[in-house]
There are 2 protein chains.
Amino acid sequence: MQNEKKTITPLSELGEFGLIKRLTKPFECKNSSTIKGVGDDCAIITSEGKQLVVTTDLLVEGIHFDLVYTPLAHLGYKSVAVNLSDVCAMGAIPTQITVSIAASAKFSVESLEQLYDGIRRACSRYDVDLVGGDTTSSMTGLVICITAIGQIPEGKASMRSGAKVGDLICVSGDLGGAYAGFQVLQREKEVFMVNPNSQPDLKKYDYVVDRQLKPEPRLDVVRKLMELGIQPHSMIDVSDGLSSEILHICDQSNCGAKIFESKIPIDAQTEMVAEELNLDATIFAMNGGEDYELLFTIDAADQSKIAQMLDYVTIIGYITEASEGCKLMGKASGCIDIVAQGWNAYKAD
Amino acid sequence: MQNEKKTITPLSELGEFGLIKRLTKPFECKNSSTIKGVGDDCAIITSEGKQLVVTTDLLVEGIHFDLVYTPLAHLGYKSVAVNLSDVCAMGAIPTQITVSIAASAKFSVESLEQLYDGIRRACSRYDVDLVGGDTTSSMTGLVICITAIGQIPEGKASMRSGAKVGDLICVSGDLGGAYAGFQVLQREKEVFMVNPNSQPDLKKYDYVVDRQLKPEPRLDVVRKLMELGIQPHSMIDVSDGLSSEILHICDQSNCGAKIFESKIPIDAQTEMVAEELNLDATIFAMNGGEDYELLFTIDAADQSKIAQMLDYVTIIGYITEASEGCKLMGKASGCIDIVAQGWNAYKAD
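In what follows, the accompanying structure is described. Keep in mind that this is a model prediction, so the values were computed, not measured.

## Focus on the overall build of chain A
- Of the regular secondary structure elements, chain A holds 10 helices and 13 strands.
- A principal-axis box enclosing the C-alpha atoms of chain A has dimensions of 60 × 55 × 35 Å.
- A burial count over chain A gives 58% of its 349 residues as buried.
- Contacts spanning at least 24 positions in sequence make up 85% of the contacts within chain A whose residues lie at least 6 apart.
- Accessible surface, chain A as shown: approximately 14600 Å² in total, 50% of it carbon and sulfur.
- Where the 31 positive side-chain charges of chain A centre and where its 48 negative ones centre are 4 Å apart.

What follows is the structure in structure tokens.
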């Protein structure tokens, strides 16, 4: 893109310790719960009288991301975002992360700096401290493993297992966009493979491409729920698609669910991409995944409270007895069973 | 080894959720600080009024381990052990771990069960709970990322930065054995490559091979220090060799060090292997790494206390002014500067 000459420093020139120092230098710890960040055998944190939540995710080049169309800074940002999303899915406030990467010799110090720049921006935006990690080499490609820690007052975590019959099922934002963006990027990649000089015009797909490349954890929704005094009975983030997530809740809460297709929030751009591909946008929402929205259930008595945050969330159905199963009330097709078709990293295709 | 027919289940048969369920089923959470383990978006833990320490390590096939001579159960055990060693290096008691793995299609469900069996045995031995993780596929080989959490009373962590002039430098166990074991295994691998029917006789190398394949975190040393009321001024674990570790302490504590070569504890088998290779065992201790012993400094006034644990530790030198540098007092060669030659994952060789 830019014409300036870029410096390319091989990873071997700095060595492990030099590389860690250079990559983590732009980071500052800001949380009072961070006693000691990067630079010792462990980080030291305090819980400030709260409970802590811990989550971890491993992202592998060629499986979870494609560097042909994923800028490294976006990848760094997204890697943090998906972990913070898990913290949010407990109703907790994220406070610290550790970042481990394995990179092959095809990566330069400068390219890893781009990755860490994305990580830093996500940390900065969500007031999260980078407190540790590991940096090593790999035989091929890039692997990123992030662990995120968050705080929550004792007994306030929203687990998958707490849904009750009669609960309203709510979802934040809109669904299916990340998958629509993925489809657009895949299509552009194929064009690029045939003609490397092609200049993709992605303007009309900006929203869905952003949903795929730069998801945001819904910390705003968590904070708003706290502010309004709404304690979700159960909560999960939408990483594998609505089908998979509602089944997790029903399975762990031993209940059923009824979801109304007409209520599922879908953006116009998502609809447009689905149409271009002769597919149904509902399928993107149900089985696409990677939207990182929050799916949660609340006591029906909280309906008036949730009405104050309809900019953030949509009520899409309600929890039923387990014997009633997990159903989608179709717009045209009537009542159908919800089946998990979420992403299987092990499936050959 | 065994003649019974082994079942081989491809990873794709179970899918991600089925695989996680199967691998984590044999694990039980035992710590009172574990409120919620595997099975939700996050684990939930309490700190029970203590500070928490957090560390993470990423292990990559072909870089950190060689499956030609590393049984998967040993690898699982070692992956946990090296992380617990970092927790011990703060003077903390390990309580929880998360385990993330990426495995290519060459691995079967049964082979990953072996890996998790080793992980389970390490958890069981050190009373650590597995509380979360991620399981996914990779394009090639195996990647393991473990995060370990431990507890320590407020203000009691021993950091690298706390060494003071006059401190005694102590090290637990003996050094260089893991590197000697690595040399033996590499040699056997070369023999095996030439003649796959060769049956290696490793009996006379059992100690050093064990040091390489099955290191133990020195939680016993941490507990003994607590029991005797010894608060190390500084501490680090020996993962990259004594040279590298003492330089970390000197660098972060702004001091120098004098180490006596004659005092460095080296096992007879390590000496034997060094001799076979026409090398100096001191080099194994200084630059070999992977011993996972604890290197720490204590107030000289604690010498009588440390005398009660000479089964565990050896005093190998003392801390000096920074201006005096970091020196090894050689048995024959006189006083020489200590230079880090620890392992560089990025170095091509």
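## Topic: the relation of the copies chain B and chain A
- When chain B is fitted to chain A, the residual RMSD is 0.0 Å, and the transformation amounts to a turn of 180° plus an axial shift of 0.0 Å. The symmetry that links the two subunits is that of a two-fold axis.
- Interface overlap between copies is the fraction of interface residues in one copy that are interface residues in the other; for chain B against chain A it reaches 100%, indicating a shared surface.

## Some remarks on the pattern of salt bridges
- The final tally for this structure, using the stated rule, is 38 salt bridges over all chains.
- Note that Asp66(A) is salt-bridged to Lys189(A), the shortest N-O span being 2.4 Å. On the criterion of sequence distance, the pair formed by Asp66(A) in the loop between strand 3 (51–60) and helix 2 (72–88) and Lys189(A) in helix 4 (residues 177–194) is long-range, its members being 123 residues apart.
- With relative accessibility at 16%, the residue Asp66(A) sits in the buried group.
- Between Glu216(B) and Arg125(B) there is a salt bridge, and its shortest N-O distance comes to 3.3 Å. Here Glu216(B), found in the loop between helix 5 (206–213) and helix 6 (219–227), pairs with Arg125(B), found in helix 3 (residues 109–125); they are 91 residues apart in sequence, far enough to count as distant.

## Here's the deal with the interface of chain B and chain A
- Taken together, the contacts link 69 residues of chain B with 69 residues of chain A.
- At the boundary of chain B with chain A, total buried surface from both sides reaches about 5400 Å², with 59% on carbon and sulfur atoms.
- Across the contact surface, chain B and chain A share 4 salt bridges.
- A salt bridge links Arg160(B) to Asp40(A), with the nearest nitrogen and oxygen atoms 3.7 Å apart.
- Counting across the chain B and chain A interface gives 19 residue pairs in polar contact (both at pLDDT 80 or more).
- Tallying contributions element by element places strand 3 (residues 51–60) of chain B first for the side of chain B that touches chain A, with 9 residues.
- Class assignment for the residues of the side of chain B that touches chain A results in 31 nonpolar, 24 polar and 14 charged.

## Side note on the sheet that holds strand 6 (residues 142–152) of chain A
- The sheet built from 6 strands is open, its strands ordered 5(A)-4(A)-6(A)-3(A)-2(B)-1(B) with mixed pairing. The outermost strands of the open sheet, each flanked by one partner alone, are strand 5 (129–137) of chain A together with strand 1 (34–36) of chain B. Strand-to-strand twist of the sheet, defined as the mean angle between neighbouring strand axes without regard to direction, takes the value 20°.
- Direction of pairing for strand 3 of chain A relative to strand 2 (residues 43–45) of chain B: antiparallel, over a ladder of 3 bridges. Paired with Val53(A) across the strands is Ile44(B), a residue of strand 2 of chain B.
- Contacting strand 3, strand 4 (93–103) and strand 6 of chain A, helix 2 of chain A runs over the sheet at an angle of about 35° to strand 6 of chain A.

## Re the environment of Ser100(B)
- Note that Ser100(B) resides in strand 4 (residues 93–103).
- On a C-alpha basis, the gap between Ser100(B) and Thr136(B) in space is 8.1 Å, while along the polypeptide they are 36 residues apart.
- Ignoring sequence-local partners within four residues, the contact set of Ser100(B) consists of Thr56(A), Leu58(A), Cys145(A), Gly133(B), Asp134(B), Val143(B), Ile144(B) and Cys145(B).

## Quick word on the packing of helix 4 of chain A against helix 5 (residues 206–213) of chain A
Residue and element names in this part refer to chain A.
- Two elements in contact, helix 4 and helix 5, have axes separated by 7 Å at closest approach and are oriented at 100°. As summarised for this structure, helix 4 and helix 5 are arranged roughly perpendicular, according to the angle between their axes. For the pair helix 4 and helix 5, contact is made by Gly-177, Ala-178, Ala-180, Gly-181, Phe-182, Val-184 and Leu-185 and by Val-208, Val-209, Arg-211, Gln-212 and Leu-213, respectively.
- Its residues assigned to classes, the contact of helix 4 with helix 5 shows 8 nonpolar, 3 polar and 1 charged.

## Focus on a nonpolar patch on the surface
- On the surface, Val68(A), Phe192(A), Met193(A) and Val194(A) cluster together into a nonpolar patch covering about 410 Å² of accessible area.
- Take Met193(A): it is sitting in helix 4.

So, how was this worked out
- Residues numbered from 1 in each chain as written.
- Chains lettered and ligands numbered in written order.
- Predicted model: local features only at pLDDT ≥ 70, side-chain atom pairs only at ≥ 80, totals over all residues.
- Heavy atoms only, no water.
- Helix = DSSP H or I, 4+ residues; strand = E, 2+ residues; numbered from the N terminus.
- Buried < 20%, exposed > 50% of the residue type's maximum accessible area, 1.4 Å probe, protein only.
- Contact = heavy atoms within 4.5 Å.
- Areas by Shrake-Rupley, 256 points an atom, 1.4 Å probe, with all protein chains shown as cover.
- Lys, Arg positive; Asp, Glu negative; His and termini not counted.
- Charge placed at Lys NZ, Arg CZ, Asp CG, Glu CD.
- Least-squares fit on C-alpha atoms with pLDDT ≥ 70 in both.
- Salt bridge = Lys/Arg side-chain N within 4 Å of Asp/Glu carboxyl O.
- Buried area = accessible area lost by both parts, 1.4 Å probe.
- Polar contact = N/O pair within 3.5 Å; in protein donor to acceptor, adjacent residues only side chain to side chain.
- Nonpolar A, V, L, I, M, F, W, Y, C, P; charged D, E, K, R; others polar.
- Pairing = 2+ DSSP bridges.
- Axes fitted to C-alpha atoms, helices over the stretch in contact; angles between N-to-C directions.
- Parallel < 35°, antiparallel > 145°, perpendicular 65-115°, else oblique.
- Patch = residues over 30% accessible without salt bridge, like charges linked within 9 Å, V, L, I, M, F, W, Y side chains within 5 Å.

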